[in-house]
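One-letter residues, chain by chain:
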Amino acid sequence: MELRINRRAVVGLGVAVALTASSLAFLRPDTGTASSHREAPMIAGDPRNDDTDVYAFVSPDKPDTVTLLGNWIPFQEPNGGPNFYTWDTRSRYYIRIDNDGDAKPDISYQWTFRDDDKRGNTTFLYNNGPVTSLDDPNLLYKQRYTLKRITESGTQTLVNNAIAAPSNVGPASIPDYGTLRNQAIRNLPNGGKTYAGQSDDAFFLDLRVFDLLYGGNLSEVGQDSVRGYNISTLGVQVPAKDLALKGDVKRNPVIGVWTTVDKWTPDGYVQVSRLGNPLVNEVVVPAGLKDAFNALPPHKDADVPAVVKRVTEPEVPKLLEAIYGIKAPATPRNDLVEIFLTGIAKGNGPIMADLNSQTLNKDAGKLRPAEMLRLNMTIPPSKDPNRLGVLAGDLQGFPNGRRLADDVVDIELQALAGAATSGKLIPALTDKVDANDKPFGSTFPYMALPSNSGVNTAGAK
């Protein structure tokens, strides 16, 4: 498909990610919790169900496939034993895809887990010797999972009783985690792969944004706050045709992606986590509404009357103006409705570009505005990826999906400063954390291997 985007439109694409997310803040209090890195009061006490990040991108080494990754359980300290990091056996973990624009999942990948615990009353150890394979008898605790693909046509079990890669508890216990990861990557029956296990946290940023937006004078920047911490990853790499509406990628190139967790309660399974674009609930949604945000399915977003006001009159630019004197863009911001809730397409609003709205799918019905990460699967992997993604003219990057190396914090900081209306970037407005501390892999699941040394080892002997 043809893509024509001028500089002003390119810059504008990054804005909605940070600003229009606030449109979803006016939600009723409910039993659900919010997701990302400890961003809401309730989920902070339930980390096993805390979804921290979602990634969706055309696989760089297999461009006829798409990679979808979800991360859970934030801030895993590698030395955090003896009870290391486990999936919740009472929960159902999902990666969801909407390909027809109605904001309801047309395809859901569902993981469920069970414990396989050999320790009993004999030991406190996770393992009683070096672990060199997933079925090593020295690995006393492991988790097994079932992966299903759910559509309106029915449910297909893709993987059954598979072993998830364990926590990387230390070099003596696990001398080569790469071997375990390779064994934990499972082939899917219709083509593609899946992975469940630990990874290095791919998100790179300075979290001192919460200290009056980097100290009130941009002095608190340059520290990767999640450096050294691990995360738990679920992912699939599948043929793009398996995700496209009617299986036709050329006619229907755009998908919407988000993750959820449904947790068992006496009243049945309840959605307790939802995540699409990064930093939505963490930075934009007010504290009193964070716990309600992820209880709402995307197809109900448009039913919240105050959504439009939070899009057209966003709060965060006002904070940048008050603290840094960076003048907030004029309101109303009607372009943000198009960018964030409907995707980018010429027929959706003022931005004259066709990028990643489901309205570009020729077989789609009426679009339902909703917050989700949207990906155009026909845009090939960039030969020279730019960390600023669409802001820098790299149309394969965020917010057209999200790659591991996309610097979403800097993209959003520039967007918050009004780059969409000014067409200019502010060089000083950055957290000065431009890349992950570990290189990403060249093959699925691409995440760096998890660390096995403590985060607080600086200066230790």
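Residues numbered from 1 in each chain as written. Predicted model: local features only at pLDDT ≥ 70, side-chain atom pairs only at ≥ 80, totals over all residues. Heavy atoms only, no water.

K.L.:
Sorry, what's going on with the overall build of the chain here?
P.N.:
Per the secondary structure count, the chain includes 11 helices and 12 strands. Expressed as a percentage of its 461 residues, the buried residues of the chain come to 59%. In the chain, the proportion of contacts linking residues at least 24 apart, taken out of those at least 6 apart, comes to 67%. Only carbon and sulfur atoms are counted for the fraction: they give 51% of the accessible area of the chain, which is about 18000 Å². (Helix = DSSP H or I, 4+ residues; strand = E, 2+ residues; numbered from the N terminus. Buried < 20%, exposed > 50% of the residue type's maximum accessible area, 1.4 Å probe, protein only. Contact = heavy atoms within 4.5 Å. Areas by Shrake-Rupley, 256 points an atom, 1.4 Å probe, with all protein chains shown as cover.)

K.L.:
Is there a simple way to explain the side chain of Asp200 in this structure?
P.N.:
Structurally, Asp200 is set in strand E8 (residues 193-200). Here Asp200 sits buried without a salt bridge, and the closest side chain of opposite charge, Lys438, lies 4.7 Å off (N-O distance). Discounting chain neighbours no more than four positions away, the residues touching Asp200 are Tyr229, Asn230, Ile231, Asn436, Asp437, Lys438, Met447, Ala448, Leu449, Pro450 and Ser451. (Lys, Arg positive; Asp, Glu negative; His and termini not counted. Salt bridge = Lys/Arg side-chain N within 4 Å of Asp/Glu carboxyl O.)

K.L.:
Mind showing me how you'd approach the confidence of the model for the chain here?
P.N.:
Mean pLDDT for the chain: 85, with 84% of residues reaching 70 or above. This model gives residues 1-36 a pLDDT under 50, and the stretch forms 148 contacts once residues within four places in sequence are excluded. (pLDDT = per-residue confidence, 0-100.)

K.L.:
Just to check I follow, could you spell out the nonpolar core for this structure?
P.N.:
Nonpolar side chains in soluble globular proteins tend to be buried together. Of all hydrophobic cores here, the largest spans 84 residues; its most connected members are Tyr109, Trp111 and Leu243. With residues up to four places along the chain from it excluded, the contact list for Leu243 reads Val66, Leu68, Ile97, Asn99, Ile107, Tyr109, Val238, Ile255 and Met377. Of all hydrophobic cores here, the second largest spans nine residues; its members include Ile339, Leu355, Val390 and Leu395. (Core = buried A, V, L, I, M, F, W, Y, C linked by side-chain atoms within 4.5 Å.)

K.L.:
Looking at this model, I keep getting lost on the side chain of Ser232. Mind explaining?
P.N.:
On the secondary structure map, Ser232 appears in strand E9 (residues 230-239). Polar side-chain contacts of Ser232 include one of 2.9 Å to the side chain of Gln76. (Polar contact = N/O pair within 3.5 Å; in protein donor to acceptor, adjacent residues only side chain to side chain.)

K.L.:
I keep staring at the packing of aromatic side chains and nothing clicks. Help me out?
P.N.:
For the structure on display, the rule yields 11 aromatic pairs. Between the aromatic rings of Trp72 and Tyr93, the centroid separation amounts to 5.4 Å while the plane-to-plane angle is 85 degrees, which identifies the pairing as edge-to-face. Placement of the pair is Trp72 in strand E2 (residues 65-76) and Tyr93 in strand E3 (residues 91-98), with a sequence separation of 21 residues. Across the pair, Tyr93 and Trp72 agree in class, each one buried. Ring centres of Tyr93 and Phe113 lie 5.9 Å apart, and the angle between their planes is 90 degrees; on these two criteria the pair is classed as edge-to-face. (Phe/Tyr/Trp six-rings, centres within 6.5 Å; stacked < 30°, edge-to-face > 60°.)

K.L.:
Is there a simple way to think about helix H8 (residues 316-324) in this case?
P.N.:
Residues that lie three or four places apart on an α-helix share one face, since the helix turns once every 3.6 residues. If you check which residues of H8 are buried, you get Val316, Pro317, Leu320 and Tyr324. Here the buried residues of H8 occupy an arc of 105 degrees about the axis, which is enough to place them on one side. Directly beyond the C-terminal end of H8, a positive phi value near 75 degrees is found at Gly325. (Arc of directions from axis to C-beta.)

K.L.:
Teacher, can you tell me more about the sheet that holds E9 here?
P.N.:
Paired through their backbone hydrogen bonds, the strands of a sheet run either parallel or antiparallel. Pairing is antiparallel across the open sheet formed by five strands, whose spatial order is E1-E2-E9-E8-E7. Of all strands in the sheet, those bounded by a partner on one side alone are strand E1 (51-58) and strand E7 (186-187). One ladder, built from seven bridges, connects E1 with E2; its direction is antiparallel. Following the sheet pairing, Tyr55 is matched in E2 by Leu69. Packing against the sheet, helix H3 (residues 177-184) makes contact with E7 and E8, and its axis sits at approximately 155 degrees to E8. (Pairing = 2+ DSSP bridges. Axes fitted to C-alpha atoms, helices over the stretch in contact; angles between N-to-C directions.)

K.L.:
Could you clarify how one ought to interpret the pairing of strand E5 (residues 141-151) in this entry?
P.N.:
For a regular strand, side chains alternate in direction, first toward one face of the sheet and then toward the other. Counted residue by residue, E5 has eight buried out of 11 residues, so it is predominantly covered. Note: strand E4 (residues 107-117) against E5, 10 bridges, orientation antiparallel. For Arg114, the partnering residue across the bridge sits in E5 and is Arg144. Where E5 hands over to strand E6 (residues 154-163), the hairpin turn is made up of two residues, counted between the paired strands.

K.L.:
Explain the layout of surface pockets to me, please; I cannot follow it from the model alone.
P.N.:
Remark: the empty space left among the atoms is shown by a probe the size of a water molecule rolled over them. Considered as a void within the structure, the second largest pocket measures approximately 270 Å³ in volume. Tallied by class, the residues present in the lining of the second largest pocket amount to nine nonpolar, three polar and one charged. (1 Å grid on protein atoms, 1.4 Å probe; cavity = no way out; pocket = protein on both sides within 12 Å on 5 of 7 lines; lining within 4 Å. Points joined across faces, edges and corners; volume = space filled by probe spheres on them. Nonpolar A, V, L, I, M, F, W, Y, C, P; charged D, E, K, R; others polar.)

K.L.:
Would you take a moment to explain the environment of Ala56 for this structure?
P.N.:
Note that Ala56 resides in strand E1. When the C-alpha positions of Ala56 and Phe398 are compared, they lie 9.4 Å apart, and in sequence the two are 342 residues distant. The residues contacting Ala56, other than those within four sequence positions of it, are Thr67, Leu68, Val257, Leu373, Leu375, Gly401 and Arg402.

K.L.:
Quick question: what am I supposed to make of H3 here?
P.N.:
Among the residues making up H3, those that are buried are Tyr177, Gly178, Leu180, Arg181 and Ala184. One side of H3 carries all its buried residues, which in axial view fall inside an arc of 160 degrees. Contacts made by the buried residues of H3 are with E5, E6, E7 and E8. The residue sitting at the N-terminus of H3 and contributing the capping side-chain oxygen is Asp176; that oxygen lies 3.2 Å from the backbone nitrogen of Gly178.

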